[in-house]
Amino acid sequence: MLHRRRALTLLAWTAWGISFSAWAADAPALLLANVYRPGVTLQDYWVSEKYDGVRGYWDGRALRTRGGETVHAPAWFTAGWPAESLDGELWAGRGRFGHAQSTTRQQQANDAAWRQMRFMVFDLPGHGGPFDERLPALQARVRQIAQPWVQAVSQQRIASDAALQALLQRTVRGGGEGLMLHRGRSLYRAGRSDDLIKLKTHDDAEARVIAHLPGKGRHAGQLGALWVETPQGQRFKLGTGLSDAQRRDPPPVGSWVTYRFRGTHDGGLPRFASFMRVREDLPPE
């Protein structure tokens, strides 16, 4: 059953009409991806696997998440890293997002857990040149670091949409999440654009929990649905995909969650939205 204090907090948040920004004030200014659509000029892009981990940004001194929180990695993990920024994914392997998320969230680094982690580097934000030039520079930098847990993400050219879709299916069958397309001539610019495109077999996105809606019928006395808000300010109910344990102890108000959906309505709201997981690498409010 939802606690009274939590319920009062939800009512207050809803009454205040709080609208949330997606990132903390000190979050790194990252290049973000649009969703793939037919008609993209594939000859302009490099293609790589989309790693299902925690976005990691090395600012030359510290490792931070997409939301700006410090990642408390062991000293040996970042020893010898350059004074320039590196953008990548803290990854524990295919199908192991939970391990990556729990490991990177710990305030005291678990050495054994970090031994299973890799930093998959896919960009050099401070380089200044187009990605066609950043890519060989990135590969050279990773070779200089010379640590087996720091790897340059493998990139390739794809000639046609049919070849791209075939690669996507092979990647997903092997346990991968999807593909990323990076425009070769693009500079590193913060924000979401077609300079970076993600391709998956389903759509997903993040939203912040702003209230808990009570359940009815067999869910009476526990969570019925999450009331969530996207970074664009759209609000909707997220009621499917939640386990019984999550209904008894829901993701807290202020936390970010990932949801899966299939396209959008005319107004932009997601169709058939379903809860996937809590995003603990994004700071709550």
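Residues numbered from 1 in each chain as written. Predicted model: local features only at pLDDT ≥ 70, side-chain atom pairs only at ≥ 80, totals over all residues. Heavy atoms only, no water.

Counting secondary structure elements, the protein chain contains seven helices and 14 strands. Looking at the protein chain as a whole, 51% of its 285 residues qualify as buried. At a minimum sequence separation of 6, the contacts of the protein chain that also span at least 24 residues come to 70%. Per element, the accessible surface of the protein chain, about 13,700 Å² overall, is 51% carbon and sulfur. (Helix = DSSP H or I, 4+ residues; strand = E, 2+ residues; numbered from the N terminus. Buried < 20%, exposed > 50% of the residue type's maximum accessible area, 1.4 Å probe, protein only. Contact = heavy atoms within 4.5 Å. Areas by Shrake-Rupley, 256 points an atom, 1.4 Å probe, with all protein chains shown as cover.)

Next up on the list: the pairing of strand β6 (residues 118–123). The buried count for β6 comes to five of six residues, which makes it a mostly enclosed element. Summarising the sheet, strand β5 (residues 86–91) and β6 pair through five bridges and their orientation is antiparallel. Opposite E89, over in β6, you have M120 as the bridge partner. The sheet contact formed by β6 and strand β7 (residues 150–152) spans three bridges and is parallel. Of the residues in β7, the one forming a bridge with F119 is V150. Taken together, β6, helix α5 (residues 131–145) and β7 constitute a β-α-β crossover, and its handedness is right-handed. (Pairing = 2+ DSSP bridges. Right-handed = clockwise from strand over helix to strand, strands pointing away.)

Let us now look at the sheet that holds strand β12 (residues 235–238). Hydrogen bonds along the backbone pair up the strands of a sheet, which may run parallel or antiparallel. Spatially, the five strands line up as an open sheet ordered β12-β11-β10-β13-β14, and their pairing is antiparallel. For this open sheet the edge positions go to β12 and β14 (274–279), each flanked by a neighbour on one side alone. Averaged over all adjacent pairs, the angle separating strand axes in this sheet is 45°, with direction ignored. Two elements, strand β11 (residues 223–229) and β12, share four bridges in a ladder whose sense is antiparallel. What sits directly across from E229, in β12, is R235. (Axes fitted to C-alpha atoms, helices over the stretch in contact; angles between N-to-C directions.)

All right, on to the pattern of salt bridges then. For the structure on display, the rule yields 19 salt bridges. Notably, a salt bridge pairs K200 with E177, separated by 2.8 Å at the nearest N-O pair. Pair noted here: K200 is in the loop between β9 (191–199) and β10 (203–214) and E177 is in the loop between α6 (161–173) and β8 (178–183), with a separation of 23 residues, a long-range link. The exposure classification of K200 matches that of E177, with both residues buried. (Salt bridge = Lys/Arg side-chain N within 4 Å of Asp/Glu carboxyl O.)

Turning to helix α3 (residues 97–105), a few remarks are in order. Among the residues making up α3, those that are buried are F97, H99, A100, Q101, T103 and T104. As for α3, its buried residues are in contact with β3 (54–58), β5, α4 (111–114) and β14.

So, on to the sheet that holds strand β4 (residues 63–65). The mixed open sheet is built from five strands, whose spatial order is β4-β3-β5-β6-β7. Sheet topology places β4 and β7 at the edges, where each strand pairs with a single neighbour. The sheet shows a mean angle of 35° between the axes of neighbouring strands, taken without regard to direction. α5 contacts β5, β6 and β7 of the sheet and is inclined by roughly 150° relative to β6.

The exposure class assigned to E177 is buried, which follows from its relative accessible area of 15%. At 3.0 Å, the side chain of E177 forms a polar contact with the side chain of K50. A polar atom in the side chain of E177 sits 2.8 Å from the side chain of K200. Leaving out residues up to four positions away in the same chain, E177 has contacts with K50, Y51, D52, V172, K200 and D204. (Polar contact = N/O pair within 3.5 Å; in protein donor to acceptor, adjacent residues only side chain to side chain.)

We now examine the environment of H212. As for its position among the elements, H212 is in strand β10. Looking at H212, the relative accessible area reads 5%, which means it is buried. Only 2.7 Å separates the side chain of H212 from the backbone oxygen of P251, close enough to count as a polar contact.

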